[in-house]
Amino acid sequence: MKARDILRLAPVMPVLVVGDPGLAEDLAHTLVDAGLPVLEITLRTAAALPVLRRIRDAVPRAVVGAGTVLDPAQWAQALDGGAMFGVSPGLTPALAAAVRRRGVAFLPGVATASEAMCAAEQGFDALKLFPAEAVGGRALLRSLHGPLPHLVFCPTGGVDAGNAGDYLALPNVACVGGSWVTPQAALAARDWPTIAALAAQAAALPRPAGSAAEGTGAAGRAGTSAAAGR
Ligand code: 3PG
């Protein structure tokens, strides 16, 4: 499945920082059951790869990817760990080349029109706007839509329950990403009811206008496409 199609599976992609592999299955089941099947596991903890693997093996309804992928070595590790897609805060020529070689869906981060154009030139048409609120948020996305209508975005960074709906109303937003659905305190306490309630609220957000355009459906599993998948 291409990145664009993965983004259309749910209005919100939880950005997960998980330090304990023992939390992986319950967390993933909670989020998927609440209606959020697309999960980004950030490679920011020693537990990230084991968490990814556990979710991939034990929660088949989850579409689980690796976040904070910074270089080709990390992308290789993430794929070995079972990542079905990748997310990065930015893009380098080396990372873009590695992604092209492996042909698995990838969402590179961009913050400007030039970065979006460079990413598009390398075959990426679904991009993470990061850090969304800090670089211009909704006003920037609205401005980018004029000259770059072929690109869709997943704004992440400063997105929360209060502003997610406004982002999702933009024509070039396919979904939003954020950590608000899984507060660290609730995660540490295994407070699944709290996380389930936040996730259900997020899943009920109006489907983005961007998900209607060029709809290709959500059939199939991500991460195995032989096509560019980007
Ligand atoms: C990140 O990579 O940390 C994401 O952008 C999450 O940002 P948030 O914590 O502001 O949702």
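The model shown is predicted, which means the values in this text are computed figures rather than measured ones. (Residues numbered from 1 in each chain as written. Predicted model: local features only at pLDDT ≥ 70, side-chain atom pairs only at ≥ 80, totals over all residues.)

Looking now at the nonpolar core. Ranked by internal contacts, the top residues of the largest apolar core, which has 79 residues, are L36, L52 and L127. Apart from the residues lying within four places of it in its own chain, the contact partners of L52 are I41, V64, A66, A78, G81, G82 and A83. (Core = buried A, V, L, I, M, F, W, Y, C linked by C-beta atoms within 7 Å. Buried ≥ 20, exposed ≤ 12 C-beta atoms within 10 Å, placed from the backbone. Contact = placed C-beta atoms within 7 Å.)

What surrounds the ligand is the set V15, F130, P131, T156, G157, G158, V159, G178, S179 and W180. Taken together, the residues of the shell around the ligand break down into 5 nonpolar, 5 polar and no charged. (Near = placed C-beta within 6 Å. Nonpolar A, V, L, I, M, F, W, Y, C, P; charged D, E, K, R; others polar.)

Take helix 3 (residues 48-58) next. Listed as buried for helix 3 are A48, L49, V51, L52, R54, I55 and R56. Looking at the buried side of helix 3, the elements it contacts are helix 2 (24-33), strand 2 (38-42), strand 3 (63-67) and helix 4 (72-80). (Helix = DSSP H or I, 4+ residues; strand = E, 2+ residues; numbered from the N terminus.)

The next thing to look at is helix 5 (residues 93-102). L95, A96, A98 and V99 are the residues of helix 5 that are buried. End-on view of helix 5: buried residues confined to an arc of 160°, all on one side of the axis. Facing away from the buried side of helix 5, by more than 90 degrees, are the exposed residues P93, A94, A97 and R101. Packing partners of the buried residues in helix 5 comprise helix 4 and strand 5 (106-107). At the exit of helix 5 stands G103, carrying a positive phi of roughly 65°. (Arc of directions from axis to C-beta.)

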